[in-house]
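Structural overview for review
What follows is each chain in one-letter form.
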Amino acid sequence: MEITPQQLAEQLKGGYDAQIVDVREPEEVADGMIPGAKHIALGELPERLKDLDMSRPVIAICRSGARSAAAADQLTAAGFTAYTVPGGMLDWTAAGFPVS
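Since this is a predicted model, take the numbers as computed values, not measurements.

Applying the stated rule across the entire model yields six salt bridges. Notably, a salt bridge pairs R24 with D22, separated by 2.7 Å at the nearest N-O pair. Here R24 falls in the buried class, since its relative accessible area comes to 5%. Since its relative accessible area comes to 0%, D22 is described here as buried. Salt bridges linked by common partners bring E44, R48 and D51 together as one network.

With the rule as written, the count across this model stands at one aromatic pair. Look at W92 and F97: their rings are 4.8 Å apart centre to centre, the planes differ by 45°, and that puts the pair in the tilted class. For W92, a relative accessible area of 2% gives the class buried. By relative accessible area, F97 is classed as partly exposed at 21%.

Turning our attention to helix α1 (residues 5–13). Structurally, the α-helix is built with 3.6 residues per turn, so residues lying three or four positions apart point the same way. Those residues of α1 lying buried are P5, L8 and A9. Buried residues along α1 cover an arc of 100° about the axis, so they all sit on one side. In this structure, the buried residues of α1 make contact with β1 (19–22), β3 (58–61) and α5 (88–94). Just downstream of α1 lies G15, where phi reads positive at about 85°.

This part takes up the sheet that holds β3. Reading across the sheet, the four strands line up as β2-β1-β3-β4 and stay open at both edges, with parallel pairing between neighbours. Each edge of the open sheet carries a strand with a single partner, namely β2 (38–39) and β4 (82–84). The pairing of β3 with β4 spans three bridges and is classified as parallel. Its bridge partner lying in β4, I59 is registered against Y83. On the sheet, helix α4 (residues 66–77) packs against β3 and β4 and is oriented at approximately 170° with respect to β4.

Most often, soluble globular proteins keep nonpolar side chains buried together rather than apart. Ranked by size, the top nonpolar core spans 15 residues in total, and within it L8, I20, I34 and I59 carry the most contacts. Sorting the residues of this core by element identifies α1, β3 and α5 as the ones contributing at least two each. Residues contacting L8, with those up to four places away along its chain left out, are I3, I20, I34, I59, V85 and W92. Listed in part, the 14 residues of the second largest apolar core include V23, I40, L52 and C62.

Rules and cut-offs
- Residues numbered from 1 in each chain as written.
- Predicted model: local features only at pLDDT ≥ 70, side-chain atom pairs only at ≥ 80, totals over all residues.
- Heavy atoms only, no water.
- Salt bridge = Lys/Arg side-chain N within 4 Å of Asp/Glu carboxyl O.
- Buried < 20%, exposed > 50% of the residue type's maximum accessible area, 1.4 Å probe, protein only.
- Phe/Tyr/Trp six-rings, centres within 6.5 Å; stacked < 30°, edge-to-face > 60°.
- Helix = DSSP H or I, 4+ residues; strand = E, 2+ residues; numbered from the N terminus.
- Arc of directions from axis to C-beta.
- Contact = heavy atoms within 4.5 Å.
- Pairing = 2+ DSSP bridges.
- Axes fitted to C-alpha atoms, helices over the stretch in contact; angles between N-to-C directions.
- Core = buried A, V, L, I, M, F, W, Y, C linked by side-chain atoms within 4.5 Å.

Okay, structure coming up:
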């Protein structure tokens, strides 16, 4: 399932209780993440599933959307409700949404 940066920003303003997981590599997240996001690089995701709450939706984000789609597939296969953000952080920052 997909959620656009605009939809995500709107839902976060409304108190949406989702977990945002940034699946980029450490050197990429140094440029900033969505406030409140958790960093779990895509390669670490299988062994870090225990760090996530299965009762809450997970929104995976990466630089452009390819890795987050793969992450969402892995999360869905593991029983999570998972979304990907097409356009990733490139579209998030281009829209002027906050980073920390």
